[in-house]
Amino acid sequence: MKISLEQILEGKERIALGGHIRPDGDCVGSSMGLYLYLTEQYPQLHVDLYLEEIPKSFEILSRTNEIKHSIVDDQEYDLFICLDCADKQRLGFSGVLYETAKHTLCIDHHISNGAFADINYIKPDASSTSELVYGLLDKDKISKSCAEALYMGIAHDTGVFQYSCTSPETMEAAAELLRKGIHGSEIIDKTYYEKTYSQNQVLGKALLESKLMCENKVITSILSKKDMEFYNVVPSDLDGIVAQLRQTQGVEVAIFLYELDSNEYKVSLRSNGIVDVSEVAQSFGGGGHVRAAGVTMKGTPDEIIHAIAEQISAQLRERG
């Protein structure tokens, strides 16, 4: 059931927005889109946006300099809006503000979301949280800057309108956003395709040292902290590696690991359709979508890959 943003905002004065740790294109796009809309259309409201540091390329969006990356003072909000966040633990540093807020709202499209807020607008079949935010706004009042943010979010979570989650409604939303006068191709080029020299180098290493397993149906690649230090990259620089691995001919699932700490790895999973990687990720405490999911796991890379591969193999035997 669709919610009414107007009704939710009624009687509220102080509002906080927050997205998941290591914010990606959809997280930043949906958060910035809603932030811009609220500050432009409801100037009487006090609105703050809390996110971890965002990729440099996303600064193409207007007013990203207003994002708060830490909590300076004790704040209490009338409403905390979670965006693109499947559970409150993934809010990271802003989670404390969520816990103290008088009311909470979650807008999300992850199938693993357990509806943890007071009000939940969760549509797992939606292309992106940015598309859901677009659906809540008065179309005539969406500014060009707001449209740029939402378009970026939709483009990123659909793989530039290539993934199966791209519906006719997704394309219609994108078309309406383009009609606001935004430069869609520039947004996609600058935030999705363009890579730094270091990003291309580390991508090359990940591809060069990738390995096939499970009768060549699964491809894996690992980056250590030493690798990341050598190439002078941070986690946000690794976006797109797992998607590139997934495109290997004959592969059903790509597994990409990078080291967070000693014996702790962030695992990204991508599927070409047969395997439900959200089911795999959830079994280890993670979550996501049928074709794109993630989880943080402890152990050696071999132990982690072996555990994940067992579940993938079981699905391949059952559904392949």
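Here, the structure is the one placed above.
Residues numbered from 1 in each chain as written. Predicted model: local features only at pLDDT ≥ 70, side-chain atom pairs only at ≥ 80, totals over all residues. Heavy atoms only, no water.

One way to put it is that helix 4 (residues 129–136) packs onto helix 5 (residues 144–157) with a least axis distance of 7 Å and a crossing angle of 140 degrees. Our classification of the angle between helix 4 and helix 5 gives oblique. The segment helix 4 lies against helix 5, with Ser130, Glu131, Val133 and Tyr134 engaging Leu150, Gly153 and Ile154. (Axes fitted to C-alpha atoms, helices over the stretch in contact; angles between N-to-C directions. Helix = DSSP H or I, 4+ residues; strand = E, 2+ residues; numbered from the N terminus. Parallel < 35°, antiparallel > 145°, perpendicular 65-115°, else oblique. Contact = heavy atoms within 4.5 Å.)

On to the packing of aromatic side chains. The description of an aromatic ring pair uses the distance of the two centres, along with the angle that the planes make with each other. All told, the structure shown has eight aromatic pairs when counted by the stated rule. The interplanar angle of 80 degrees and the centroid separation of 6.2 Å between the aromatic rings of Tyr50 and Tyr77 together place this pair among those described as edge-to-face. Here the residue Tyr50 occupies a position in strand 2 (residues 46–50), and Tyr77 occupies one in the loop between strand 2 and strand 3 (79–83), the gap between them amounting to 27 residues. Note on accessibility: Tyr50 and Tyr77 belong to one class, buried. Through successive ring pairs, a cluster of aromatic residues spans Tyr50, Tyr77 and Phe93. The ring of Tyr134 carries Lys139 above its face, with NZ or CZ at 4.9 Å from the centroid. (Phe/Tyr/Trp six-rings, centres within 6.5 Å; stacked < 30°, edge-to-face > 60°. Buried < 20%, exposed > 50% of the residue type's maximum accessible area, 1.4 Å probe, protein only. Lys NZ or Arg CZ within 6 Å of the ring centre and 35° of its normal.)

With that settled, the discussion passes to the packing of helix 5 against helix 6 (residues 168–178). Across the interface, helix 5 lies against helix 6 with an axial gap of 9 Å and an inter-helix angle of 150 degrees. Accordingly, the angle class assigned to the pair helix 5 and helix 6 is roughly antiparallel. Of the two possible hands of crossing, helix 5 and helix 6 adopt the one that is left-handed. Taking contact as the criterion, the partners of Ala147, Leu150, Tyr151 and Ile154 in helix 5 are, on helix 6, Thr170, Ala173, Ala174, Leu177 and Leu178. Across the contact of helix 5 with helix 6, the residue classes break down as eight nonpolar, one polar and no charged. (Left-handed = near helix turned anticlockwise from the far one by under 90°. Nonpolar A, V, L, I, M, F, W, Y, C, P; charged D, E, K, R; others polar.)

Now for the nonpolar core. Membership of the largest hydrophobic core comes to 52 residues, with the highest contact counts inside it found for Leu17, Met32, Leu34, Ile81, Ile107, Leu137 and Leu177. Not counting the four nearest positions on each side in its chain, Leu17 is found in contact with Ser31, Leu34, Tyr35, Leu38, Val47, Asp48, Leu49, Tyr50, Phe80, Ile81 and Leu83. Ranked by size, the runner-up nonpolar core spans 19 residues in total, among them Leu269, Val295, Ile305 and Ile308. (Core = buried A, V, L, I, M, F, W, Y, C linked by side-chain atoms within 4.5 Å.)

Geometric values such as these leave the question of function open.
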